[in-house]
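Read off the chains here:
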Amino acid sequence: MNIVVCGKIIPASTVTIELDPNTKRMVRKGVTHELDPAAASAVEEGLRLSEKHGGAVTLVTMGISEVTIGIRNALAMGVASAVHILDDAVAGSDTLGTAKLLAAAIKKQPFDLVLCATESSDSYSGIVHGQLAQLLGIPALTFAKEVTADGGRISIHRQSENGYDVVESTLPALVAVSSGINEPRYPQLKGIMAAKKKEIKVYTAADLGLAADQVGEKGAREKVLTIGRPPKREAGKVVTDEGEGGKQIADFLAEIKVI
Amino acid sequence: MSEANGILIVGELIDARLSSVTSELLNAGGQLAASLGQPLYAVLLGTNLQNAAQEAMSNGASKVFLAEHPLLNEEQVEAHVTALQQVAEQVQPSILLIGRTQLGRELGPRLAFRLRVGLAQDAVALTVEPGTQRLLVTRPVYGGNALAVVTMKRKPQIVTVRPKVFEAATNDKTTEGELVRVAVEIPNSVVRSRVVERVAQETAGVKMEEARVVGGGGRGLGGPAPFAELEKLAKLLGGAVGASRPACDAGWIDPRFQIGLTGKTITPELYIAVAISGACQHMAGCSGAKVIVAVNHDTEAEIFKQARYGVVGDWRKIVPAFTEAIRELVS
Ligand SMILES: Cc1cc2nc3c(=O)[nH]c(=O)nc-3n(C[C@H](O)[C@H](O)[C@H](O)COP(=O)(O)OP(=O)(O)OC[C@H]3O[C@@H](n4cnc5c(N)ncnc54)[C@H](O)[C@@H]3O)c2cc1C
Ligand SMILES: Cc1cc2nc3c(=O)[nH]c(=O)nc-3n(C[C@H](O)[C@H](O)[C@H](O)COP(=O)(O)OP(=O)(O)OC[C@H]3O[C@@H](n4cnc5c(N)ncnc54)[C@H](O)[C@@H]3O)c2cc1C
């Protein structure tokens, strides 16, 4: 089973996010990046499936040159090779532009299964996989908290409002995994060494047959107008427990008549 | 082609009645309709839609489109997308609102793709820009660290709206609206994935999303057993338990109890956050609570900056004492 994992590489969680008032985007250039934890779960799921059913896992990612560190991390986890869509012209792509680029890159190799994360941990649209499946003409199975493959079929447990649904389709298919589906492995030294020799193919939009007006800011159907910080609640009273803490909360709640 | 007109609400049903999210969308859509001077419509999918259609009208819809098809009774995403595409092409609304429910989160991207338009997910506010009449959508980004205002260039402007952000519409409007049946065609070939089993994990007691009091447990609880402790407390107050994402991811409690950006939104009278640090992604799901109280052994925990009342200390001591004090108060 050949598996393509679409994974985003994003500013590391340790980085304090800075917002660029001009581009309305998070400052990415010059910032330390890491494999999105959500994408790491998709990589892990891909590796587990390939260990069980054979076949190679390929990572496809779109991002600036800072993302290489995250690609290496996925390769060190065990991904066989990577495709990096790297092009200034794709900056500011909306989700459809992103999906078009990813679809074109995925089509360059044989695949049975495309794995995504339900939503990225940064821009968090939760849209790309839906569009990607449509562009590739394959069924999409989303919100997977468990994935099993069997011959030419794939089956998932999809989170529902009050439990889960077992959803099945034939391959090829796209599966978007939820956070918590697995615990991604840490790369081992051997993997890290091996990763250095693995191939990273780099494509521009033109390499993928996409014209400049289909991708990037120009092709976008959405526009970000402003960006700002969410409002915070006001802090109240804080006491230290000296044996009376539990009672103090109860008294407070009785005082403000919540109970 | 005529000018796109009208706000179309995609309705969802629970046991043949309008879901609460649908009612919230009718309220949100009604406000947009008023400021744009456009009509408010709803579309319902499935079979036996009459009663729900009446409800939609009393909630303010002047026209309700019925897409009747047995395949639409199931949570079959492709069938819904196919039907909605046909309805949208016929109605040509300027705005189309979908609830950001489990189904809605899947419908939105695919419908937008089919209609060749954009989409904004997880709206927490909707406004009309004076002059341009464009829809401005506020949505959390960067893990809830920021709020972005986005617009969409094409019509319909499709938005999935976060549940519980808007109040439900009041059901006091006239029920004299018009019912329009739309003959939708859903070829069997569109159904390429199948739901083979639905597993409902029933919860005893009140549903978390509807509870007046919610006790939320975090990573600091350290395992599944303490949730039983929290449940005792919540039950005394007629409430329910919830959790942070790490607690769900660790398997201590089912993911359907996750509160936050990628979980559920709750708006209880009282939220009791126990051993939860107060990350913005968690707060995104509970900041609609009237009162938040927190228990955490770290003085610096972010949750104390957002809680009305906080106690610094070990939950192992505080929660049992709190439960005891409540027991005395209620008896
Ligand atoms: C502040 C802000 C607000 C925005 N609002 C909107 C909006 O409302 N509507 C809209 O259409 N666009 C919006 N965008 C643009 C959107 O963020 C970009 O199109 C982005 O390329 C897709 O981002 P995502 O991470 O949100 O994707 P998601 O849809 O959350 O991604 C889902 C999955 O798709 C795969 N994937 C996504 N991007 C990549 C990638 N670069 N490389 C590899 N795999 C990937 C991953 O598996 C990922 O987990 C916004 C951007 C910003 C900065
Ligand atoms: C895109 C994205 C979406 C996310 N969505 C969600 C979401 O929907 N919901 C969500 O919750 N998170 C979400 N997260 C994760 C979020 O960022 C935090 O990691 C998470 O909320 C932290 O959970 P926690 O507070 O339980 O754990 P921690 O941050 O580890 O906090 C545990 C707390 O317990 C306290 N503690 C430990 N032991 C004790 C004790 N004995 N007594 C008292 N206190 C104790 C500690 O002081 C600490 O403050 C998301 C993250 C991303 C990137």
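Residues numbered from 1 in each chain as written. Chains lettered and ligands numbered in written order. Predicted model: local features only at pLDDT ≥ 70, side-chain atom pairs only at ≥ 80, totals over all residues.

### Quick word on the overall build of chain A
Point 1. A count of helical and extended segments in chain A gives seven helices and 15 strands.
Point 2. With respect to the three principal axes, the spread of C-alpha positions in chain A is 65 × 45 × 40 Å.
Point 3. Counting every position in chain A, which comprises 259 residues, the buried fraction comes to 52%.
Point 4. A sequence separation of at least 24 residues applies to 72% of the contacts in chain A between residues at least 6 apart. (Helix = DSSP H or I, 4+ residues; strand = E, 2+ residues; numbered from the N terminus. Buried ≥ 20, exposed ≤ 12 C-beta atoms within 10 Å, placed from the backbone. Contact = placed C-beta atoms within 7 Å.)

### Examining the domain arrangement of chain B
The figure often quoted for interface size is the accessible area lost as the parts come together.
Point 1. One can read the domain layout of chain B as domain 1 (7–190) and domain 2 (208–330).
Point 2. The interface is formed by seven residues belonging to domain 1 of chain B together with seven residues belonging to domain 2 of chain B. (Domains from an automatic or database assignment.)

### Points about helix α3 (residues 77–91) of chain B
All names here are of chain B.
Point 1. Its 15 residues place the ends of α3 21 Å apart at the C-alpha level, agreeing with the 21 Å of an ideal helix rising 1.5 Å per residue.
Point 2. Of all the positions in α3, only Val77, Glu78, Ala79, His80, Val81, Thr82, Ala83, Leu84, Val87 and Ala88 are classed as buried.
Point 3. Looking at the buried residues of α3, the elements they touch are β1 (7–10), β4 (40–46), β5 (63–68), β6 (95–99), α4 (102–115) and β12 (178–182). (Expected span 1.5 Å × (residues − 1).)

### Topic: the sheet that holds strand β14 (residues 213–217) of chain B
Point 1. Pairing in this open sheet of six strands is parallel, and the strands run β15(A)-β18(B)-β17(B)-β16(B)-β14(B)-β15(B) from one edge to the other. Only two strands of the sheet have a single partner each, and these edge strands are β15 (237–240) of chain A together with β15 (240–243) of chain B. Adjacent strand axes in the sheet meet at a mean angle of 20°, parallel and antiparallel pairs treated alike.
Point 2. Bridging between β15(A) and strand β18 (residues 309–312) of chain B involves four bridges; their strand directions are parallel. When the sheet's bridge partners are listed, Thr240(A) is paired in β18(B) with Val312(B).
Point 3. The strands touched by helix α5 (residues 226–236) of chain B are β14, β15 and β16 (270–274) of chain B; relative to β14(B), the strand with the most contacts, the crossing angle is about 165°.
Point 4. The sheet contacts of helix α8 (residues 315–330) of chain B involve β16, β17 (291–296) and β18 of chain B, and relative to β17(B) the element is tilted by about 135°. (Pairing = 2+ DSSP bridges. Axes fitted to C-alpha atoms, helices over the stretch in contact; angles between N-to-C directions.)

### Brief notes about helix α7 (residues 245–255) of chain A
Point 1. Listed as buried for α7(A) are Gly245(A), Gly246(A), Gln248(A), Ile249(A), Ala250(A) and Leu253(A).
Point 2. Buried residues belonging to α7(A) abut β15 of chain A together with β16, β17, β18 and α8 of chain B.
Point 3. Directly after α7(A), the chain includes Lys257(A), whose backbone phi takes a positive value near 65°.

### Thoughts on the site of ligand 2
Point 1. Lining the immediate surroundings of ligand 2 are 31 residues, of which Gly218(B), Gly220(B), Ser244(B), Gly260(B) and Ser277(B) lie closest.
Point 2. More than one chain lines the surroundings of ligand 2; the residues nearby belong to chains A and B.
Point 3. Listing elements by their share of the shell around ligand 2, those giving two or more residues are α6 (245–249), α7 (280–286), β17 and α8 of chain B. (Near = placed C-beta within 6 Å.)

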